[in-house]
Amino acid sequence: MGRKLLFDKAHIEGIRYYDVYRANGGYGSAEKALKSMSPDQVLDEVKKSGLRGRGGAGFPTGMKWSFIAKPEGVPRYLVCNADESEPGTFKDRYLMEFLPHLLIEGLLISSYTLGCNSCYIYIRGEYAWIPDILEEAIADAKKNGWLGKNIQGTGFDLEIYVQRGAGAYICGEETALIESLEGKRGNPRIKPPFPAVKGLWDCPTVVNNVETLATVVPILRIGGEEYAKYGTGKSTGTKLISACGNINKPGVYEIEMNISVEEFIYSDEYCGGIANGKRLKACIPGGSSVPILPANLLLKTAKGEPRMMTYESLADGGFATGTMLGSGGFIVLDEDQCIVKNTLTFARFYHHESCGQCSPCREGTGWMKRVLLNIENGKGKMSDIDLLWDIQRKIEGNTICPLGDAAAWPVAAAIRHFRDEFEWHVLHPEEATKRNYGLAHYADPLEIAAPAAV
Amino acid sequence: MFSEEKLNKVKEIIARYPAGKQKSALIPVLHLAQEVSGGWLSSETMDYVASLLQITPIEVYEVATFYSMFNLQPVGQYVFEVCQTGPCMLRGSDNIIDYIKKKLDIGVGQTTKDGLFTLKTVECLGACGYAPMMQLGKHYREHLTPEKVDAIIEECRSKAN
Ligand SMILES: Cc1cc2nc3c(=O)[nH]c(=O)nc-3n(C[C@H](O)[C@H](O)[C@H](O)COP(=O)(O)O)c2cc1C
Ligand code: SF4
Ligand code: FES
């Protein structure tokens, strides 16, 4: 069994309630931080832990916290990003539903470290039943002196509020989230200024993912140095992976970042193998925005090494032969799945979710969707494949926020690795509407380039 | 339009923000307004929300039109919002959508003649591991099969009577 730091107590009956959480050591990290450490000492532990943001970009959390501006007399805010809308990702939901006090304890320690007295949890509107769970937990924490004024007699004050969104993926982007929290459309802001300087109501603001903030609790419990011994290299600690698609056991798993992708997919501890006895065709391991890989490149890097569930190993080979850990939304496709159709659903998603501020994103996402729909319906031309490539190239890097890139990458990777499947759709339109291209050669052993002779 | 109780709720929401930042309450208050107005926002409802928060009506329209959870047209009493994004598609959401269309004899975006059901397709709702799925009111219905859809339709019909 892999070691757990977030879900170690998840099996305990009633752990979502205050009394049970507290009886099992809950709020111990907060007690330690608030009563025996200065904010700078806590920050130091977070830095030592090597924790990287779990929302998708993997930016070091300690470093991000050290950037927050501290002008005299201006409030600072912590915003917990619970927008969780990246297709394939459903881990934060699990944390909030089943371990709400773990998140609240994490928010308390983080707010203390940053010097924030108000914290907002911005949760996607569709998770409509979760605010009740969080608000009940917040009320219980407050009753027991962990929130409100003069927390545990330390003189530190904190209020946590839950704010619902209303259906917009873009509000997961931190500046769009801030706009939304201010009661506006979710249009991302141009950076700089960064939220750490000018964020919510123009005050210094830190936006962190739910899992990131919950992870601060075990870091304080075992210490930053000990935390950094979990995992591999710069991928320290554990990561929540939400696994879905054609596997036997979809669900949310906590992994230590030292297992292979193969173990994650096939072992009974995790996904339990491909459903219905089928074979693996492809996988999008970090949420819909990251590049899709065919089975052979997923399990082994282009150098022939086993691919590991770490930030570095998944990215090995760059976009040519690698992908990204992203948000940990692990989407598995079996041999019967159609890459064109899958890509089409993502293109439709990004088109639907574009805020419309930048023309390459607004127009390009719709154009890609229409071209993909034609190819999928057997009405595509060979030149459409090059056209798709061209459109995605023109979106990437030419927009205000990374949603444009997120829309471009899945299309680029699908064409890069599955071009013959696209061509087959164009060449056999009749057949393509009746059956799928199948596994083809996508799981064949890779030819490993021989090291160049010296 | 709001009851005393709802008006108190609005006050409570506004108190979450610093003085003068009551516009931040807009999305939460629009959710409340939609709940008490049959699941959609008319321009009268939006104007009312503007007056409550002391902002201009255009500020409310801007927001209401941006977020997909706000309905600007009347909807049925029960709205089936079926997810159709990749992970759900891989687990057969297309079949579920087709099944509902046939069963209720409506297309996507339409409402049954008795005003009971509306069918919508939506993008990823964060339930990809429990696919296929849909949102029905405040909750999710997951691991959908035709039999489960039948049972849900029956459940709604019996609640409506
Ligand atoms: C289009 C888009 C959507 C995003 N959605 C989310 C999201 O749902 N949840 C999240 O935590 N971060 C999301 N992010 C990343 C945030 O902008 C931000 O980097 C993150 O919340 C920082 O937290 P972390 O450092 O703890 O990961 C998104 C970014 C983009 C560009
Ligand atoms: S890239 Fe797309 S989503 Fe991001 S700001 Fe531009 S139009 Fe909006
Ligand atoms: S794809 Fe349907 S819930 Fe995520």
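Rules used in this analysis
- Residues numbered from 1 in each chain as written.
- Chains lettered and ligands numbered in written order.
- Predicted model: local features only at pLDDT ≥ 70, side-chain atom pairs only at ≥ 80, totals over all residues.
- Heavy atoms only, no water.
- UniProt positions renumbered as here; feature names shortened; annotations may be inferred.
- Helix = DSSP H or I, 4+ residues; strand = E, 2+ residues; numbered from the N terminus.
- Contact = heavy atoms within 4.5 Å.
- Pairing = 2+ DSSP bridges.
- Axes fitted to C-alpha atoms, helices over the stretch in contact; angles between N-to-C directions.
- Buried < 20%, exposed > 50% of the residue type's maximum accessible area, 1.4 Å probe, protein only.
- Near = heavy atom within 4 Å.
- Polar contact = N/O pair within 3.5 Å; in protein donor to acceptor, adjacent residues only side chain to side chain.
- Areas by Shrake-Rupley, 256 points an atom, 1.4 Å probe, with all protein chains shown as cover.
- Nonpolar A, V, L, I, M, F, W, Y, C, P; charged D, E, K, R; others polar.
- Buried area = accessible area lost by both parts, 1.4 Å probe.
- Salt bridge = Lys/Arg side-chain N within 4 Å of Asp/Glu carboxyl O.

Under the annotation held in an unreviewed UniProt entry, chain A carries the name NADH-quinone oxidoreductase subunit F and is attributed to Chitinophaga pinensis. Comment text from UniProt for chain A, heading Catalytic activity (unreviewed entry), reads "a quinone + NADH + 5 H(+)(in) = a quinol + NAD(+) + 4 H(+)(out)". Annotation of chain A in UniProt includes, under Function (unreviewed entry), the sentence "NDH-1 shuttles electrons from NADH, via FMN and iron-sulfur (Fe-S) centers, to quinones in the respiratory chain."

Summing up its helical and strand segments, chain B has 7 helices and 4 strands in all. Counted from the first residue to the last, chain B has its helices and strands arranged as α-α-α-α-β-α-α-β-β-β-α. Expressed as lengths along the three principal axes of its C-alpha atoms, the size of chain B is roughly 50 × 35 × 25 Å. Long-range pairs, those at least 24 residues apart, make up 59% of the contacts in chain B with a sequence separation of at least 6.

All names here are of chain B. What the 4 strands build is an open sheet, ordered β2-β1-β3-β4; its pairing is mixed. The sheet is open, and its two edges are formed by β2 (117–122) and β4 (139–141), each paired on a single side. Going across the sheet, the axis of each strand differs from the next one's by a mean of 30°, ignoring polarity. Helix-sheet contacts for helix α6 (residues 93–104) involve β1 (78–83) and β2, and the interaxial angle to β1 is about 155°.

In terms of burial, helix α2 (residues 26–36) of chain B is largely enclosed, as 9 of its 11 residues are buried. Where α2 of chain B is buried, its residues touch β3 (159–164) and α8 (174–181) of chain A together with α1 (4–14), α3 (43–53) and α4 (57–66) of chain B. G38 of chain B sits one or two positions beyond α2 of chain B and adopts a positive phi of about 70°.

Here we come to the site of ligand 1. Residues and elements named next belong to chain A. Residues in contact with ligand 1 amount to 18 residues; listed here are only the nearest, G55, N81, N208, N209 and T212. The contact in question runs from an oxygen atom of ligand 1 to an N or O atom on the side chain of T212, over 2.7 Å. Coverage of ligand 1 by the protein amounts to 89% of the 610 Å² it exposes when considered alone. The dominant element in the shell around ligand 1, judged by the number of residues it contributes, is strand β4 (residues 205–209), at 3 residues. Here the residues of the shell around ligand 1 are counted per class, giving 4 nonpolar, 8 polar and 6 charged.

Contacts between the two partners involve 56 residues from chain A and, on the opposite side, 40 residues from chain B. Taking both sides of the interface into account, the surface hidden between chain A and chain B amounts to around 3900 Å²; carbon and sulfur atoms contribute 57%. Contact with chain B buries surface across chain A, with A166, R185 and W201 of chain A losing the most and accounting together for 15% of the total. The interface formed by chain A and chain B holds 5 salt bridges in total.

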